[in-house]
Amino acid sequence: MKTVSVVIPCFNESEVIDFTVEELLSVTNSISNYKFELIFVNDGSSDDTESKLLAYSKQHENIRTISFSRNFGHQQAVSAGLDVSTGDAVVLIDADLQDPPKVISDMIVKWEEGFDVVYGTRANREGESWFKRVTAKSFYRLLSYLSEVQIPLDTGDFRLMDRQVVDHLIAMPEKSRFIRGMVSWIGFNQTAITYERSARFAGESKYPLTKMIKFGLDGILSFSVKPLKLSIMMGFVCSGISMLMLLYFVYVRIMTDHWVSGWTSLFVAILFMGGVQLISIGIVGEYVARIYKESKNRPLYIIKERRSINAEETRSITD
Ligand code: UDP
Ligand code: MG
């Protein structure tokens, strides 16, 4: 019998975790002919998510939990779950029931048809703020324009991946992880399933603006060098503009008699050039910061405690 692992990252999800466990158990029990293992990764929660998960892992032998020593972030939590997963396929799903567990059975059908990656594309996003919807939509479009690999639009981490894809993903050593992009980069046979993304079942989003910006930058800078080229382009545009301005000032100096009043344009030009230079240095800096992070080669996360998970199975800690 084939095994399917389900990886669920959890950060302060105490309000929703009981419903999530119940829903996932009922959905996975209703799918016959497959064995399921549910891997909950507690990403340094400060509420009682951890104790609840430990209690569930004692009750159900197919529930496994990992607890991080602190909050390492969503992508790290997902990576840890993938590292310890043993299934022939792995499903990634959020803990807040925004991704409906029922879709898992449709994903398995597609997987059996021969697709190696079945990702969920959001038809709409309910219960999320206007700001989140607009920024998310624009982000996916900007990313798809900039990225060198084709990353599907409006697609989160909710997906099923075949073991061979998971093994390649685990073998990728990068520290700034943007998993949905990495999976697109890996390739193989990929297909989409459209689903309605509902509102969070309970609790608040664990992605405040700062985390969203960091995640967005990781996505763009890990999958594109176009921003570096952008600064060269900005340089050319600015030089062009200053040439034109020079011509204009020469014209004003020779042909008119009110040429002293040029201070404003001078200041504008200086500020403009200064701004462009700072932006360009900033862009280079962002890449350098990522190179620095990679060169330190720290582990992605540190596990404090694990239930029903053997130390040998956890590859990254020993790396
Ligand atoms: N999450 C996590 N670590 C974090 C932030 C979030 O493990 O630092 C988990 C969270 O518990 C949830 C998933 O990642 O299962 C997605 O987070 P959330 O629902 O808050 O994001 P949103 O849906 O608002 O983008
Ligand atoms: Mg959510």
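Residue numbers run consecutively from 1 along every chain, following the written order of its sequence. Chains carry letters and ligands carry numbers; both start at the beginning, A for chains and 1 for ligands, and go up in the order they are written. Given that this is a predicted model, residues contribute local features only at a pLDDT of at least 70 and side-chain atom pairs are listed and counted only at 80 or more, while totals for whole chains, interfaces and linings are drawn from all residues. Side-chain metrics in this entry use all non-hydrogen atoms of the structure; hydrogen atoms and water are not considered.

Participant: How do you make sense of unusual backbone geometry when you look at a structure like this?
Facilitator: For residues other than glycine, phi is negative in most cases, and the peptide bonds are mostly trans. Phi at Asn12 is positive, roughly 50°, even though this residue is not glycine. By the element assignment, Asn12 lies in the loop between β1 (2-10) and α1 (14-30). Only protein chains enter the accessibility calculation, which uses a 1.4 Å probe; a residue whose area is less than 20% of its type maximum is buried, one above 50% is exposed, and one in between is partly exposed. According to the relative accessible area criterion, Asn12 is partly exposed, its value standing at 22%. For Asn33, which is not a glycine, the phi torsion comes out positive at approximately 75°. Turning to its location among the elements, Asn33 is positioned in the loop between α1 and β2 (34-42). Runs of H or I in DSSP of at least four residues are treated as helices and runs of E of at least two as strands, each being numbered from the N terminus.

Participant: Quick question: what am I supposed to make of the side chain of Gln98 here?
Facilitator: Following the sequence through the fold, Gln98 ends up in the loop between β4 (89-92) and α4 (103-112). Looking at Gln98, the relative accessible area reads 5%, which means it is buried. Within the structure, Gln98 has its side chain in polar contact with the side chain of Arg197 (distance 2.8 Å). Working rule for contacts: check all heavy atoms of both residues, and any pair within 4.5 Å makes them a contact. Those residues in contact with Gln98 that lie beyond four places of it in its chain are Glu128, Tyr195, Glu196, Arg197, Ser198, Ala199 and Arg200. Under this definition, polar contacts are N or O atom pairs within 3.5 Å; protein pairs additionally need one hydrogen-donor-capable and one acceptor-capable atom, and for neighbouring residues in sequence, both atoms have to be side-chain atoms.

Participant: In this structure, what is going on with the sheet that holds β2? I would like to understand it.
Facilitator: Note: strands within a sheet are paired through backbone hydrogen bonds, in either parallel or antiparallel orientation. Note on pairing: DSSP must find at least two bridges between two strands before they are called paired. Spatial strand order, β7-β5-β6-β4-β1-β2-β3-β8: eight strands in an open sheet with mixed pairing. In this open sheet, the two strands that pair with only one neighbour each are β7 (190-197) and β8 (303-307). Neighbour-to-neighbour, the strand axes of this sheet turn through a mean angle of 20°, independent of strand direction. Pairing analysis gives four bridges linking β1 to β4, with the strands arranged parallel. The residue bridging Val6 from the neighbouring strand is Val91, located in β4. What counts as an axis is a line fitted to C-alpha atoms, over the stretch in contact for a helix, and the angles between N-to-C directions run from 0 to 180 degrees.

Participant: Would you mind showing me how to read the site of ligand 1 here?
Facilitator: By convention in these notes, a residue is near a molecule or strand provided one of its non-hydrogen atoms lies within 4 Å of it. Within the structure, ligand 1 sits among 19 residues, and Glu13, Asp96, Ser205, Lys206 and Lys211 are positioned closest to it. Note that an oxygen atom of ligand 1 is positioned 3.1 Å from one of the side-chain N or O atoms of Asn71. One of the backbone N or O atoms of Ala95 is found 2.8 Å from an oxygen atom in ligand 1. For ligand 1, whose unbound accessible area comes to 530 Å², protein coverage reaches 96%. Note on areas: Shrake-Rupley, 1.4 Å probe, and residue coverage restricted to the protein chains presented here.

Participant: Hey, could you run me through the coordination of the magnesium ion (ligand 2) in this one?
Facilitator: By definition of the ideal shapes, a tetrahedral metal site with four donors has angles of 109.5 degrees and an octahedral site with six donors has angles of 90 or 180 degrees. Water is absent from the atoms considered, so a metal site may look incomplete; donors are defined as N, O and S atoms within 2.8 Å of the metal, or 3.2 Å for Na, K and Ca. Donor atoms from the polypeptide that coordinate the magnesium ion (ligand 2) comprise Asp96 (OD) and Gln98 (OE1), at 1.9 Å from the metal. Judged on exposure class, the residue Asp96 and its partner Gln98 are both buried.

Participant: Please explain a nonpolar patch on the surface as it appears in this structure.
Facilitator: Patch rule: a residue counts if its relative accessible area is over 30% and it has no salt bridge; like charges are joined within 9 Å, and nonpolar side chains (Val, Leu, Ile, Met, Phe, Trp, Tyr) within 5 Å. Salt bridge, as used here, is a side-chain nitrogen of Lys or Arg placed within 4 Å of a carboxyl oxygen of Asp or Glu. Nonpolar side chains collect at one region of the surface, where Met243, Leu246, Tyr248, Val250, Tyr251, Ile254 and Met255 lie side by side and expose about 810 Å² of accessible area between them. For Leu246, the position within the fold is in helix α9 (residues 226-255).

Participant: Help me out: how do you make sense of the environment of Asp106 in this one?
Facilitator: Mapped onto the elements, Asp106 comes out in helix α4. Asp106 gets classed as partly exposed once you look at its relative accessible area, which sits at 40%. A sequence separation of 87 residues divides Asp106 from Ile193, and the C-alpha atoms of the two residues are 8.0 Å apart.

Participant: Just to check I follow, could you spell out the packing of aromatic side chains for this structure?
Facilitator: Centre distance and the angle of the planes are the two values used to describe a pair of aromatic rings. Pairing of aromatic rings covers Phe, Tyr and the six-membered ring of Trp, with a centre-to-centre limit of 6.5 Å; geometry is then stacked below 30 degrees between planes, edge-to-face above 60, and tilted otherwise. This structure, assessed with the given rule, holds 10 aromatic pairs. The rings of Phe139, Tyr140, Phe178, Tyr207, Phe215 and Phe223 are connected pair by pair, giving a single aromatic cluster. In this analysis the charged atom, NZ for Lys or CZ for Arg, is taken to sit over a ring once it is within 6 Å of the ring centre and within 35 degrees of the ring normal. Here the guanidinium or amino end of Arg70 rests over the ring plane of Phe72, the centre of that ring lying 3.9 Å away. Across the ring face of Tyr145, the terminal group of Lys226 is positioned such that the distance to the ring centre comes to 4.9 Å.

Participant: So what exactly am I meant to see when it comes to the nonpolar core here?
Facilitator: A general tendency of soluble globular proteins is for nonpolar side chains to be buried together. Within the largest apolar cluster, 42 residues are counted, with the highest numbers of intra-cluster contacts made by Val41, Ile66, Phe68, Leu82, Leu92, Met161 and Leu169. Not counting residues within four places of it along the chain, the set of residues in contact with Leu169 comprises Leu82, Met161, Arg177, Ile179, Met182, Val183 and Ile186. Ranked by size, the runner-up nonpolar core spans 31 residues in total, among them Leu25, Leu38, Leu53 and Val103. The criterion is simple. A nonpolar core is a set of buried Ala, Val, Leu, Ile, Met, Phe, Trp, Tyr and Cys residues joined through side-chain atoms within 4.5 Å.

Participant: Looking at this structure, how should I read a positive patch on the surface?
Facilitator: Together, Arg70, Lys293, Lys296 and Arg298 give the surface a local cluster of positive charge. You can see Lys293 is positioned in helix α10 (residues 263-296). In this count, Lys and Arg are taken as positive residues and Asp and Glu as negative ones, while His and the chain termini are left out. Where a charge lies is defined by one atom per residue type, namely NZ (Lys), CZ (Arg), CG (Asp) and CD (Glu).

Participant: Honestly, helix α5 (residues 130-146) in this entry has me stumped. Any pointers?
Facilitator: Along an α-helix, residues three or four positions apart point the same way, because every turn accommodates 3.6 residues. What a helix should span is 1.5 Å times the count of its residues minus one. The terminal C-alpha atoms of α5 lie 24 Å apart, and with 17 residues this matches the ideal 24 Å at 1.5 Å per residue to within 8%. Here α5 has its buried residues at Lys132, Ala136, Phe139, Tyr140, Leu143 and Leu146. For α5, the angular spread of the buried residues around the axis is 135°, confining them to a single face. Facing away from the buried surface of α5 by more than 90 degrees, the exposed residues are Trp130 and Tyr145. On its buried face, α5 is in contact with β5 (117-125), β6 (155-162), α7 (179-186), α8 (209-223) and α9. This arc corresponds to the set of directions leading from the helix axis out to the C-beta atoms.

Participant: Sorry if this is basic, but what is going on with the packing of α5 against α8 here?
Facilitator: What describes two packed helices is the angle between their axes and the distance between those same axes. Two numbers describe how α5 lies on α8: the axes approach to 9 Å, and their chain directions differ by 10°. Overall, the two elements α5 and α8 adopt an arrangement that is roughly parallel. α8 is crossed by α5, and the crossing has right-handed handedness. Facing Phe131, Lys132, Thr135, Phe139, Leu142, Leu143 and Leu146 of α5, the residues of α8 in contact are Leu209, Met212, Gly216, Gly219, Ile220 and Phe223. Any residue that is not Ala, Val, Leu, Ile, Met, Phe, Trp, Tyr, Cys, Pro, Asp, Glu, Lys or Arg is counted as polar, Gly included; the first ten are nonpolar and the last four charged. Per-class residue counts for the contact of α5 with α8 are nine nonpolar, three polar and one charged. Angle categories: roughly parallel below 35 degrees, roughly antiparallel above 145, roughly perpendicular from 65 to 115, and oblique for all the rest. Take the far helix as the reference: if the near one is turned anticlockwise from it by less than a right angle, the crossing is left-handed, and if turned clockwise, right-handed.

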